[in-house]
Amino acid sequence: MEGTGQTKSEGEKNTRTIAVGTIARVEGEGALRVTVKDGRVQDVELKIFEPPRFFEAFLQGRHYDEVPDIVARICGICPVAYQMSAVHAIEQIFGLHVDGALRDLRRVIYCGEWIESHALHVFMLQAPDFLGYESGIAMAKDHASLVTRGLRLKKAGNAIMTLLGGRSVHPVSVKVGGFSRVPFRRELEGLRDELLWARDAAVETVRWVAGFEYPEFTPDYTCVALRHPDEYPFNKGRIVAGTGLDISVDEFERHFSEHQVSYSNALHCTLQGAPYLVGPLARVNLNHDRLPQAVMRVLADTGLSLPLRNPFHGIVARSIEILYALEESLRLIDRYESPSAPSLPVTVRAGTGIACTEAPRGILYHRYRVDGDGVIREAKIVPPTSQNQGRIEQDLRLFLPRVLDRSNEEAALACERVIRCYDPCISCATHFLKLDMTQDA
Amino acid sequence: MRDELPDERGKKRASGESRKPRSSRIRIIGLGNGMRGDDAVGLLVAHRLRQEIGDRVDVIEAEMAGVDLVELMKGANVVFLIDAARSGQAPGTIHRLDGSAGSISAPIFPRSSHAIGTADALELARAMGVLPATVIVYGVEVENTEVGRPLSSAVAKVLEQVVGRIVQDCEACRA
């Protein structure tokens, strides 16, 4: 369950392998192998098992209207992101423009997913690292009220997902053209009181996490995120990077390339050959001028200056985004009027469609080729964690030298903490991450 | 004896006052992932129990509940959880564990969302002081949990047996 140190000898002379059984509080199955020679870090290999690859094949031959339900199953934590990227890509092929109240509802359900996902990571997965507990359960014994706040915040996100998606996990109402059912105004208003409580709790959460003690660690990142002319990005925008890159989503594959590495069955994605960062930290850095004043004031009060360069500050960025998602959902609920129809009529046509939306962990790219019968002939999915893989490895390379003088167990725990900054969503059902570190005896 | 059927859309029934109160203290929660072969067993058992005794007890099919299990158990006195288990025993083996007495073995229960499985969620509820008085966990030993696989015959064979045992347990609770 938790990372437990276990040392074993390896046959090779002058080397030893540190094997850490299970790294806790990451989503997915994988392993990390670190090789240290002559006191220097040689290889850092993050091995992960990644289901989207299987789903790309699984989707071929399926009808377009099955896609939202199928891709929702890729991840129990970010199903809305998968649904949104999928429906936007398919709507591009069919020439559909989902706007007005339907578009607002898509933003609201995305807010629900960010709140759910971020609240869990902040309170249960990463906070124990800063408060000195081995797990969220151990933390709950001493800080039951904090955990209660975290779970209630998460529940506010669940409530949005349940109302708009039909259920809190693997929502079923999102479809190409809109939704299968849209809520009445009074149903959305029913969420209001709890969202108002959650907004206050989110402000407290930002203050709480900003007060943690952070290691001095500021790697030079290339941040990548969507950018929209007016909005903090969810469903739409251009892809921008700290390097000055500013491209339409359609150009993604011209600038970003996936390549295989021998030690992982997830592809590594690079921007012009170099690793980059996606997710809350990248979004806040590239889009802070799209945050509402009220949210910016809370961020300014933390005393942290932008851009945030320390990956450990990801927990602050995540908390800021919880607050943003609550502000945004309240704003959209207040102006909501039921649309005349829950979805737009669809005329099937053949073609290729591309979309990118902001999943809780960063940009999620989908491309589909559909034939004249509406059957998927090709699917490509690039999830955020595969994009962050290279960046995690780089961070570990930079961070490891400062912990090599520690015991094997402590060094391994430090690696776990670095990995957890990214909230990696490695897979969606079976979960363990083994860590092997080989270094000079 | 069964209660009368509920009205459409949960409208208050005319005979509401004379109706026997629904036993809100017993809650059945089926866990798992419906798309991963035998991992669906908890959901399928819960679905069957809804048909059998859903008019008398709360039944929830909680796909990939993870930490939400803490919230789902709140307010109930007796909770029956059904989940896939993997301990190395023959597929279809039925485990019955008392979750309220102490920690149940984490490794035999597959983890769900955010690496928090049934055993972890029970420990979290215990740590927070909100664990219901009685929590019985039924674990069904799985054969395969790969995406897109159907239920194995070993697990399919014992499904009704699990349903029957939980019906009996519920009757014993209500006696």
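Summarised in this report is the structure supplied together with it. Given the structure is predicted, the values throughout are model-derived calculations rather than measurements.

Focus on the overall build of chain A
Then, in step 1: Along chain A, the regular secondary structure elements total 14 helices and 15 strands.
Then, in step 2: Residue burial in chain A is summarised as follows: out of 441 residues, 53% are buried.
Then, in step 3: For chain A, long-range pairs separated by at least 24 residues make up 73% of all intrachain contacts whose partners lie at least 6 apart in sequence.

Focus on the overall build of chain B
Then, in step 1: Each helix and strand in chain B was counted, giving four helices and five strands.
Then, in step 2: Counting helices and strands in the order they occur from the N terminus, chain B gives β-α-β-α-β-β-α-β-α.
Then, in step 3: Burial analysis of chain B (175 residues in total) assigns 47% to the buried set.
Then, in step 4: Put simply, 74% of the contacts in chain B that link residues at least 6 apart link residues at least 24 apart.

Observations concerning helix α13 (residues 384-399) of chain A
All names here are of chain A.
Then, in step 1: With 16 residues, α13 should reach 22 Å at 1.5 Å per residue; the first-to-last C-alpha distance of 22 Å fits that figure.
Then, in step 2: Most pronounced at G390, the bend in α13 amounts to some 30°.
Then, in step 3: For α13, a buried count of twelve out of 16 residues is recorded, marking the element as mostly surrounded by other parts of the structure.
Then, in step 4: Among the residues of α13, P384, T385, S386, Q387, N388, Q389, G390, R391, I392, E393, D395 and F399 are the ones counted as buried.

Observations regarding the environment of A:L151
Then, in step 1: Along the polypeptide, A:L151 turns up in helix α6 (residues 144-165).
Then, in step 2: Given 23 C-beta atoms within 10 Å, A:L151 falls into the buried group.
Then, in step 3: Note: C-alpha distance between A:L151 and A:M124 (27 residues apart in sequence) is 8.7 Å.
Then, in step 4: Excluding its chain neighbours within four sequence positions, the residues that come into contact with A:L151 are B:V67, B:V70 and B:E71.

Re unusual backbone geometry
Residue and element names in this part refer to chain A.
Then, in step 1: Between L306 and the following residue, P307, the backbone shows a cis peptide bond with an omega angle of -5°.
Then, in step 2: Residue D38 is not a glycine yet carries a positive backbone phi of 50°.
Then, in step 3: The residue D38 is located in the loop between β3 (29-37) and β4 (40-48) in this model.
Then, in step 4: Using a count of 8 C-beta atoms within 10 Å as the deciding quantity, one classes D38 as exposed.

Notes on the sheet that holds strand β13 (residues 362-370) of chain A
Residue and element names in this part refer to chain A.
Then, in step 1: The strand order β12-β13-β14 describes an open sheet built from three strands, whose pairing is antiparallel. Since the sheet does not close on itself, it has two edges, and those belong to β12 (351-359) and β14 (376-382), each with one partner. Each neighbouring strand pair of the sheet contributes to a mean axis angle of 15°, computed without reference to strand direction.
Then, in step 2: Two strands pair when backbone bridges link them, and β13 and β14 are joined in this way by six bridges, in the antiparallel orientation.

Considering the nonpolar core
All names here are of chain A.
Then, in step 1: I90 and V224 are the most contacted members of the largest nonpolar core, which totals 173 residues.
Then, in step 2: Sorting elements by how many residues they give to this core places helix α4 (residues 100-131) first, with 14 residues.
Then, in step 3: In terms of domain composition, this core takes at least three residues from each of domain 1 (5-48 + 410-440) and domain 2 (52-386).
Then, in step 4: Setting aside residues no more than four positions away along its own chain, V224 makes contact with I239, A241, L271, Y276, L277, V278, A282 and I363.

Digging into the sheet that holds strand β8 (residues 238-241) of chain A
Residues and elements named next belong to chain A.
Then, in step 1: Strand order in this open sheet of three strands is β7-β8-β9, and the pairing throughout is antiparallel. If you trace the sheet from one side to the other, it starts and ends with β7 (224-227) and β9 (246-247), each paired once.
Then, in step 2: Bridge count for β8 against β9 is two bridges, and the pairing is antiparallel. Along β9, the bridge assignment pairs I239 with I247.
Then, in step 3: Along the sheet, helix α10 (residues 280-287) makes contact with β7 and β8, crossing β7 at roughly 50°.

A few points about the packing of helix α11 (residues 293-301) of chain A against helix α12 (residues 314-334) of chain A
Residues and elements named next belong to chain A.
Then, in step 1: In contact at an axis separation of 10 Å, α11 and α12 are set at 160° when each is read in the N-to-C sense. It follows that α11 is roughly antiparallel to α12 by the angle criterion. For the pair α11 and α12, the sense of crossing is right-handed. Residues A294, V295, V298 and L299 of α11 pack against I320, L323, Y324 and E327 of α12.
Then, in step 2: Across the contact of α11 with α12, the residue classes tally to seven nonpolar, no polar and one charged.

A short note on helix α1 (residues 41-53) of chain B
Then, in step 1: The end-to-end C-alpha separation of α1(B) is 18 Å, in line with the 18 Å expected for 13 residues at 1.5 Å each.
Then, in step 2: All of the buried residues in α1(B) are B:V41, B:G42, B:L43, B:L44, B:V45, B:A46, B:R48, B:L49 and B:I53.

Structural notes on the pairing of β13(A)
Then, in step 1: Counting buried positions over the nine residues of β13(A) gives eight, a clear majority of the element.
Then, in step 2: Once β12(A) ends, the chain turns through two residues before running back antiparallel as β13(A).

Thoughts on the environment of A:S117
All names here are of chain A.
Then, in step 1: Take S117: it is sitting in helix α4.
Then, in step 2: The exposure class of S117 is buried, given the 29 C-beta atoms found within 10 Å.
Then, in step 3: C-alpha separation for the pair S117 and C78, spaced 39 residues apart in sequence, amounts to 7.3 Å.

Parameters and conventions
- Residues numbered from 1 in each chain as written.
- Chains lettered and ligands numbered in written order.
- Predicted model: local features only at pLDDT ≥ 70, side-chain atom pairs only at ≥ 80, totals over all residues.
- Helix = DSSP H or I, 4+ residues; strand = E, 2+ residues; numbered from the N terminus.
- Buried ≥ 20, exposed ≤ 12 C-beta atoms within 10 Å, placed from the backbone.
- Contact = placed C-beta atoms within 7 Å.
- Expected span 1.5 Å × (residues − 1).
- Bend = angle between axes of the 7 residues up to and from the residue.
- Pairing = 2+ DSSP bridges.
- Axes fitted to C-alpha atoms, helices over the stretch in contact; angles between N-to-C directions.
- Core = buried A, V, L, I, M, F, W, Y, C linked by C-beta atoms within 7 Å.
- Domains from an automatic or database assignment.
- Parallel < 35°, antiparallel > 145°, perpendicular 65-115°, else oblique.
- Left-handed = near helix turned anticlockwise from the far one by under 90°.
- Nonpolar A, V, L, I, M, F, W, Y, C, P; charged D, E, K, R; others polar.

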